[in-house]
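Each chain, letter by letter, is given below.
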Protein chains: 2
Amino acid sequence: MSQFVNIKKITLEDCKSMDLADPLSSFKSKFHLPEGIVYLDGNSMGAAPKQAFPDIKNVVEEEWANGLIRSWVGADWMSSPVRSGNLLADMLGAKHGEIIVTDTICINLFKLICFALKFNERRKVIVYEACSFPADGYIAQGVSNLLDGYSCRSIPEGEEDYDAYLQDDVAVMVLNQVNYKSAYMRDMKAFTQKARERGVLIIWDLAHSAGAMPVDLNADGVDLAVGCTYKYLNGGPGSPGFVYVNKALHGKSVQPITGWFGHANQFAFEEKYTPSKTLSQFQTGTFSALSYQGLETSLNLWREVDFNLVREKSLKLTDLFIDLMMPVAKKYGLTLITPEDHSVRGSHVSYYREDNGYAIVQALIARGVIGDFRAPGVLRFGFTPLYLSYEDVWQSVEHFKAVLENKEYLQEEHKAFQAVT
Amino acid sequence: MSQFVNIKKITLEDCKSMDLADPLSSFKSKFHLPEGIVYLDGNSMGAAPKQAFPDIKNVVEEEWANGLIRSWVGADWMSSPVRSGNLLADMLGAKHGEIIVTDTICINLFKLICFALKFNERRKVIVYEACSFPADGYIAQGVSNLLDGYSCRSIPEGEEDYDAYLQDDVAVMVLNQVNYKSAYMRDMKAFTQKARERGVLIIWDLAHSAGAMPVDLNADGVDLAVGCTYKYLNGGPGSPGFVYVNKALHGKSVQPITGWFGHANQFAFEEKYTPSKTLSQFQTGTFSALSYQGLETSLNLWREVDFNLVREKSLKLTDLFIDLMMPVAKKYGLTLITPEDHSVRGSHVSYYREDNGYAIVQALIARGVIGDFRAPGVLRFGFTPLYLSYEDVWQSVEHFKAVLENKEYLQEEHKAFQAVT
């Protein structure tokens, strides 16, 4: 599959040449990247766009400090969820008004599951993937525990026959476009179509695809989706989540966390809740102007990006890493769990190793190569085409070799497990 | 009731003397207050502590930009909800571990109502106040619409007999310690006790009391409470909400938005959700490090504050405003709706006027006196003892007189309604 299999031995010079020919190379300078760091964890939390520095400073020191309450209108904080939602719609193949930025991916998934259950009311089962980032399953379990008569069903890890879970009692299924561990990428279009024929609504979790590849929600016929913005989208640490609801479903159901920002007439201060007919119904309470600015700044940078080039470079970067790592992985017992097949690969690469996985990642971080570890044994490396170079990939593999050859992971300081998101 | 009723005519000199004698006067310099502005809307969104400028800049430019994903541990973003929760506990008379910062007040109220219903499971009614900030009722309605067999009952505006709503079918009641319009302050201790005897759980909404007066949750026997931090607590625009759950109720119920931050073992990535036994169960997803820093900075400033002095000054400021406004209000048809009785007055002062209320507030803002308007006819002015002086109050009333005498509110630009939070 790799684009490099015919090259006997890729050299550092080859990598430098690829960087010179990279049509996305100019974007790297738009990000602040600390000296001496190769950042392979932009899939967990994206790097900072330099423009975020003055923009967030302005929100704090001018809009908050001088504008005070007036900035909700004067700086138009009010419209930020819709403005950023529309920027996301442009990126993700949706219409304006089909995406809104609000709360977090967890909370938005809770809202969307409830919305879907109310819509698909004769069916009582929520399906999620056991191999998913666990929060998806937790939220599904939370909903089914809350609501009488509902239950969850999980698709076991390793199961290939997802069609078998499109049963008559299934109301909604939560699926990942790209798996957070393996990077396996599912065919959103084909499965959505199949699910619709069986009366199942799919909520797509775009956490590991939005910003990493072309996503075309309308063309794929997607009904419902959630995503987060602090990964490939570089919105900042804990920047808000988003919700996508296809226009065809607007007004057909209501999400249950009925805050005042979701009211049809927010400032009339009526006693009775009347849901907004727009996607603002998914908004709840007052949101962080700082955090939303971080996202808007980043989304404005994304406007200039051609996602076909992103995808092309993403596959080249991951190919290069997989190829350069092949002898290392073989020698040191790292099993590639990311598909080599381009058609089903996302933008990160993961290895499984029975022992010392966490310590190996820590030893790499000590050398300035930042990846992450996912229990119980996954070493994960994200490739963000906007700010990674082919030379970065080369350097990361050189460090990887050294960590393993020198057994640097056996040093005491790398062993103690510390939580990282 | 007023402290000034015996003074024939308060002068600007009197105000200046009171400022000189004010034991809280030194706090004003800790806030950025724009030149020429008298800010009487800190009850809606608090002013910016100067320390927030470098602190938030550091989160953006150092912790995010250089620390990257490592800052969740390295800068200990992870513990921020607990750290700030404990600072709030110290302020609000709770034990460490009884308050956690998370999400927004709307979402937290949703969680707490569900938590309370599950705990008090044989009762099926949620009671809220029609006079409440409407979001409280909206959330209650959202929960009752979501759950089969549940319903809402609202206490009508003007109702004095709240005891009558402690009926046998009532599981939970959402009450405001201080009403957002009138500033009427309810006796939290007495009513919580009465409710407990009748088997009703009370969720106190502290939005207009936390940071405005001494609040003593444990001493008042409070079981459950929510609050926001962007008002009197000065956490920043849309800074996060908080939840209080008395230790006696920990582990007795589960809130339903079961995100990964609420799991007993967050980084074990188990498929099954197991709720944390601590108040972390109320956490859901990844949160904004920027927004949480704004709050923590402000809470650290609050550590130095004596709330008895805050209450004393709050009453003096509101007394002064009410007294100075008395002839103005009488002449121009403004009806005071805030209690004159200190024992039931919060820290803002509101007037009702049939017509032009919105335009009057706009004309005041044009003169640099920022208050707000609440539909249908309430003009509201907040008094934040940390950064308002008695002279500010004097000046605000001078402007108020001028706006009314000159009919400045009839100018076209003040009439068009624009939403402000």
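What you see is a predicted model, and the numbers here were worked out from it, not measured in a lab.

## What to know about the environment of Val200(B)
Note on placement: Val200(B) falls in the loop between helix H7 (188-197) and strand E8 (201-205). On the basis of relative accessible area, Val200(B) is assigned to the buried category, the value being 3%.

## Describing the packing of helix H4 (residues 80-92) of chain B against helix H8 (residues 289-302) of chain B
The description of two packed helices rests on the angle between their axes and on the distance between the axes. All names here are of chain B. Relative orientation of the contacting elements H4 and H8 amounts to 30°, with a least axis distance of 10 Å. The orientation of H4 with respect to H8, classified from their angle, is roughly parallel. Of the two elements, H4 crosses H8, and the hand of that crossing is left-handed. Along its contact with H4, which presents Ser80, Pro81, Arg83, Ser84, Leu87, Leu88 and Met91, the element H8 presents Tyr292, Leu295, Glu296, Leu299, Asn300 and Trp302. Considered class by class, the residues forming the contact of H4 with H8 number eight nonpolar, three polar and two charged.

## So, the interface of chain B and chain A
Much of the literature gives interface size as the accessible area that the parts lose upon coming together. In this complex, chain B contributes 85 residues to the contact, which on the side of chain A involves 85 residues. A combined buried area of about 7500 Å² lies between chain B and chain A, and 72% of that area is made up of carbon and sulfur atoms. Joining chain B to chain A, the criterion identifies zero salt bridges. In this assembly, chain B and chain A are joined by 26 residue pairs in polar contact (both at pLDDT 80 or more). Secondary-structure elements contributing two or more residues to the side of chain B that touches chain A are strand E3 (48-49), helix H2 (52-67), helix H3 (71-74), helix H5 (105-119), helix H6 (134-146) and H8 of chain B. In terms of residue class, the side of chain B that touches chain A is made up of 53 nonpolar, 23 polar and nine charged.

## Looking at the pattern of salt bridges
Residues and elements named next belong to chain A. On inspection of all chains with the given rule, the structure shows 36 salt bridges over all chains. Linking Asp22 and Lys313 is a salt bridge whose minimum nitrogen-to-oxygen distance equals 2.6 Å. Placement of the pair is Asp22 in the loop between helix H1 (12-20) and strand E1 (31-32) and Lys313 in helix H9 (residues 307-332), with a sequence separation of 291 residues. Pair check on accessibility: Asp22 and Lys313 agree, each one buried. Bridged by salt links that share partners, the residues Asp76, Arg83 and Glu296 form one connected network.

## Considerations on the pairing of strand E7 (residues 170-176) of chain B
The side chains of a regular strand alternate between the sheet's two faces. Residues and elements named next belong to chain B. With seven of its seven residues buried, E7 lies for the most part within the structure. Pairing geometry for strand E5 (residues 125-129) and E7, over four bridges, is parallel. Residue pairing for E7: Ile126 is matched across the bridge by Val172. Both E7 and E8 contribute to a ladder of five bridges, which runs parallel. Looking across to E8, one finds that Leu175 is bridged to Trp204. For the segment spanning E7, H7 and E8, crossover handedness is right-handed.

## Details of the domain arrangement of chain A
Residue and element names in this part refer to chain A. Once the domains are mapped, chain A shows domain 1 (12-49 + 306-414) and domain 2 (76-302). Each of domain 1 and domain 2 has a C-alpha centre, and these two points are 29 Å apart. With 35 residues of domain 1 at the interface, the matching set in domain 2 holds 22 residues. Regarding the contact of domain 1 and domain 2, the summed buried area is about 2300 Å², with carbon and sulfur atoms giving 66% of it. On the surface where domain 1 and domain 2 come into contact, there are zero salt bridges. Where domain 1 touches domain 2, the interface holds 13 residue pairs in polar contact (both at pLDDT 80 or more). Tallying contributions element by element places H9 first for the side of domain 1 that touches domain 2, with five residues. Taken together, the residues of the side of domain 1 that touches domain 2 sort by class into 16 nonpolar, 14 polar and five charged.

## Thoughts on the packing of aromatic side chains
A ring pair, where both rings are aromatic, is described by two values, the distance of the centres and the angle of the planes. For the coordinates displayed, the defined rule picks out 47 aromatic pairs over all chains. Seen in terms of ring centroids, Phe321(B) and Phe383(B) are 4.9 Å apart; in terms of plane orientation they differ by 50°. Their pairing is tilted. Here Phe321(B) is found in helix H9 (residues 307-332), whereas its partner Phe383(B) is found in the loop between strand E15 (378-382) and helix H11 (390-405), with 62 residues between them in sequence. In terms of burial, Phe321(B) and Phe383(B) fall into one category: buried. An aromatic cluster of three or more residues is present, and its members are Trp72(A), Trp77(A), Trp260(A), Phe261(A), Phe267(A), Phe269(A), Phe287(A), Tyr292(A), Phe133(B) and Tyr180(B). Positioned above the aromatic ring of Tyr162(A) is the side chain of Arg186(A), whose terminal nitrogen or guanidinium carbon lies 3.6 Å from the ring centre.

Scoring rules and cut-offs
Residues numbered from 1 in each chain as written. Chains lettered and ligands numbered in written order. Predicted model: local features only at pLDDT ≥ 70, side-chain atom pairs only at ≥ 80, totals over all residues. Heavy atoms only, no water. Helix = DSSP H or I, 4+ residues; strand = E, 2+ residues; numbered from the N terminus. Buried < 20%, exposed > 50% of the residue type's maximum accessible area, 1.4 Å probe, protein only. Axes fitted to C-alpha atoms, helices over the stretch in contact; angles between N-to-C directions. Parallel < 35°, antiparallel > 145°, perpendicular 65-115°, else oblique. Left-handed = near helix turned anticlockwise from the far one by under 90°. Contact = heavy atoms within 4.5 Å. Nonpolar A, V, L, I, M, F, W, Y, C, P; charged D, E, K, R; others polar. Buried area = accessible area lost by both parts, 1.4 Å probe. Salt bridge = Lys/Arg side-chain N within 4 Å of Asp/Glu carboxyl O. Polar contact = N/O pair within 3.5 Å; in protein donor to acceptor, adjacent residues only side chain to side chain. Pairing = 2+ DSSP bridges. Right-handed = clockwise from strand over helix to strand, strands pointing away. Domains from an automatic or database assignment. Phe/Tyr/Trp six-rings, centres within 6.5 Å; stacked < 30°, edge-to-face > 60°. Lys NZ or Arg CZ within 6 Å of the ring centre and 35° of its normal.

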